[in-house]
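# Geometric and topological summary
Below, each chain spelled out in residue letters.
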Number of protein chains: 2
Amino acid sequence: MTDPRFSYLQTPCLLVDEARMQRNIHRLSDHAVTLGVSLRPHLKTTKSVEAARYVLADGNGPATVSTLAEAEVFAAAGIRDILYGVGICASKLDRIIALHRAGCRVTVLLDCAAQAEAVASASRAAGIVIPALIEIDSDGHRSGLSPNDPALVEVGRILVNGGAELTGVLCHAGGSYGSVGRDAHVKCAEQERLAVVQAADALRAAGLPCPVVSVGSTPTAHAAKDLTGVTELRAGVYVFFDLVMAGIGACSVDDIALSVLTTVIGHQKEREWTICDAGWMAMSRDRGTAAQRVDQGYGIVCDSAGVPIPGLIMVQANQEHGVIARHPDFKGAIPTLPVDTQLRILPNHACATAAQHSGYHVVPKEAGAPLMKWSRFGGW
Amino acid sequence: MTDPRFSYLQTPCLLVDEARMQRNIHRLSDHAVTLGVSLRPHLKTTKSVEAARYVLADGNGPATVSTLAEAEVFAAAGIRDILYGVGICASKLDRIIALHRAGCRVTVLLDCAAQAEAVASASRAAGIVIPALIEIDSDGHRSGLSPNDPALVEVGRILVNGGAELTGVLCHAGGSYGSVGRDAHVKCAEQERLAVVQAADALRAAGLPCPVVSVGSTPTAHAAKDLTGVTELRAGVYVFFDLVMAGIGACSVDDIALSVLTTVIGHQKEREWTICDAGWMAMSRDRGTAAQRVDQGYGIVCDSAGVPIPGLIMVQANQEHGVIARHPDFKGAIPTLPVDTQLRILPNHACATAAQHSGYHVVPKEAGAPLMKWSRFGGW
């Protein structure tokens, strides 16, 4: 039975389950309170001002972003404390300065002397003290200095002596996405904590300031048991969660708040294929579960109420065609789904799937209440 | 040396090489003339009215689209003959009718009785004869009836007797994307031709009309040597081409007209990693070369003029970080690329990469001429 509220929706489109999203948000904000750290949610997953009101403390608190476009949209919406969590380069500093002039404190991230010199130089030229965090690497995942790298103090001194602000240190334990189970995530979280605390100690021992000690990734943020020495926690995808996070045990499938509503448009009966109108354009090309214990294809197929249909996944995707078929491990009967049936697909990676769409249809937590529409933006 | 025209661009962003794009367009339109068929380019790759003027015959000729949003935008731009090349369902017929009422002839695609009945019923209810093609399957790739399936004539009769228009048959040899080399593509093209010609004969033998016999995929469209019995050729990605098409020999790397301009934002020197600001959000998650003979990661790295840098590819991507490193097969020296260096990345899959952006910066074929800006849209 199709939900009558979905009958006017043009598929494919994004659905958000408000009750699940709120539960996800409260779980982590409660945990941050228990740990005694502030929470700086990453808005790169939702990219929506309406969603940000749910996610941020008091609807307006500290935020992390992944693009200057996000910083500009959220600054225009009144958010005044933003961390741009991707390494800065000289050509982006004009927009950072403009945001400061508009009253938004944007902190930048860096890990080398050339970046620190660019930030210090721009600070002096603009007469604005740009705050900067030094990125620390705890697991070889991507960017950042090793906490015992002498360049750490050198970079800190360039900032302080050059007229910028050394705000502290930041670590993102991205390697935790490849670790399975709570025990593994607890270890990643402790490794992340030790790296930044060691780096903060090194800066302070050199006479440099380090008020902010920031950690976070969705798996480590939820698993951390003790954050002594840390001041701030970051996470992003937890707001929606997804099959990749479920696959590593960071959530359950029942926590996934984002899905793609799709309509059946055909069949290939000999192969037990059902063709639907959500292809990779609607799902994204993300195949994050391919490397996990259970490969969920392009996503788990649910009925239009969001209840998974046993054994059905999207096995392949073309641009505007999704092929729904039996999971190779499933031996039971699978249902016939006539043309025009609406289904929901739970995605591998919420950040990637949401990015394919320009808005969300939100299913309110009150049973039967009308859908809400939230905007979403992209770009740089 | 950075192209001075790129100094004001915010990275990551899309670049189009106008000269290469025009060469790609002319190559296929000349081939269609030689084969004696009309060309109905697929606009799903570019999704741009400005690009459509280059691609379509006389800037305005017959087009194929993959979404109703494309049909609506291109109809509003004055294009009057559009094939919606994805299986139709009842809930989408209101928008098809509205397009017809606005003066645009939109042909739908279907392969089962339920769809034919819905199209016939909508035709009668609206007093508009909706034209429909029956999809034929030549290679088990996705949708379509086998040319000898008795349902073919049944579906045709439902359309004709029910008040819709049976326009003909269509085949898309999507399996050709997995075939390597010109000889293999020639065989796929002949298989595609034989399937639709057999289907057209079956319809005509049953006393049904079949004026349109449509084939196409980028590899088969270029490889076809004889299209006897076919009236129309379709292709899409050839306008830009990409590494997947180069990997199967459907083009050379020098034909690729689309790239992502990116800026270096950091390094991990011990690993010879260069970090840039084009992550998967800018490149898409498409890893289409992963299954090919040469895995190009997330793309081939070029200097800002578009010349490939030997041995450098984007080996991994996070949301807003690309990791540039040595191709595992390359043994030579790789250059140091300082922070703020601009680079271009050639993508695996032009349709997917372009879809991550809201516009194109076009490098004109006249040396040194100012960049042009073309819009691009998405959605459904």
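Residues numbered from 1 in each chain as written. Chains lettered and ligands numbered in written order. Predicted model: local features only at pLDDT ≥ 70, side-chain atom pairs only at ≥ 80, totals over all residues. Heavy atoms only, no water.

### Considerations on the sheet that holds strand E2 (residues 38-39) of chain A
Residue and element names in this part refer to chain A. An order of E2-E9-E8-E7-E6-E5-E4-E3 is seen for the 8 strands of this open sheet, with the pairing classed as parallel. Each end of this open sheet is capped by a strand with a single partner; those strands are E2 and strand E3 (63-65). Bridge count for strand E5 (residues 105-110) against strand E6 (residues 131-136) is 3 bridges, and the pairing is parallel. When the sheet's bridge partners are listed, Leu-109 is paired in E6 with Leu-133. Set on the sheet, helix H3 (residues 68-76) makes contact with E3 and strand E4 (81-87); between it and E4 the angle comes to about 175 degrees. In this fold helix H5 (residues 113-126) packs onto E4 and E5, with an angle of close to 155 degrees to the strand it touches most, E5. (Pairing = 2+ DSSP bridges. Helix = DSSP H or I, 4+ residues; strand = E, 2+ residues; numbered from the N terminus. Contact = heavy atoms within 4.5 Å. Axes fitted to C-alpha atoms, helices over the stretch in contact; angles between N-to-C directions.)

### Here we look at the relation of the copies chain A and chain B
Once chain A is rotated about the relating axis by 180 degrees and shifted along it by 0.0 Å, it coincides with chain B to within an RMSD of 0.0 Å. Both copies are brought into coincidence by an operation consistent with a two-fold rotation axis. Distance from the rotation axis, computed per C-alpha, reaches its smallest value in chain A at Arg-285 of chain A: 2.4 Å. (Least-squares fit on C-alpha atoms with pLDDT ≥ 70 in both.)

### Overview of the sheet that holds strand E4 (residues 81-87) of chain B
All names here are of chain B. Spatially, 8 strands are ordered E2-E9-E8-E7-E6-E5-E4-E3 in an open sheet, and the strand pairing comes out parallel. Lying at the two open borders of the sheet, with one neighbouring strand each, are strand E2 (38-39) and strand E3 (63-65). Here 4 bridges tie E4 to strand E5 (residues 105-110), and the two strands are oriented parallel to one another. The residue bridging Asp-81 from the neighbouring strand is Arg-105, located in E5. Across the face of the sheet, helix H3 (residues 68-76) comes into contact with E3 and E4 while running at roughly 175 degrees to E4.

### Regarding the domain arrangement of chain A
Residue and element names in this part refer to chain A. Taken domain by domain, chain A consists of domain 1 (4-14 + 251-374) and domain 2 (42-235). Once you take the C-alpha centre of each, domain 1 and domain 2 turn out to be 35 Å apart. With 7 residues of domain 1 at the interface, the matching set in domain 2 holds 7 residues. Roughly 560 Å² of surface becomes buried between domain 1 and domain 2 when both sides are summed, with 64% attributable to carbon and sulfur atoms. Broken down residue by residue, the surface that domain 1 buries against domain 2 is led by Cys-351, Tyr-360 and Trp-374, which jointly contribute 81%. Our count for the domain 1 to domain 2 interface comes out at 0 salt bridges. For the interface between domain 1 and domain 2, the tally reads 1 residue pair in polar contact (both at pLDDT 80 or more). Mapped onto the side of domain 1 that touches domain 2, the elements with two or more residues apiece are helix H11 (350-354) and strand E17 (372-375). (Domains from an automatic or database assignment. Buried area = accessible area lost by both parts, 1.4 Å probe. Salt bridge = Lys/Arg side-chain N within 4 Å of Asp/Glu carboxyl O. Polar contact = N/O pair within 3.5 Å; in protein donor to acceptor, adjacent residues only side chain to side chain.)

### Some words on the interface of chain A and chain B
Listed per partner, the contact involves 53 residues of chain A and 53 residues of chain B. Carbon and sulfur atoms make up 51% of the area that chain A and chain B hide from each other, which totals about 4,400 Å². Linking chain A with chain B are 6 salt bridges. Between Asp-286 of chain A and Arg-285 of chain B there is a salt bridge, with its nearest N and O atoms 2.7 Å apart. If you look at where chain A meets chain B, you find 26 residue pairs in polar contact (both at pLDDT 80 or more). Elements with a minimum of two residues in the side of chain A that touches chain B: E4, strand E10 (258-268), strand E11 (273-276), helix H10 (280-283) and H11 of chain A. Broken down by element, the residue count for the side of chain A that touches chain B peaks at 5 residues, all from E10 of chain A. In the side of chain A that touches chain B, the residues fall into 18 nonpolar, 22 polar and 13 charged. (Nonpolar A, V, L, I, M, F, W, Y, C, P; charged D, E, K, R; others polar.)

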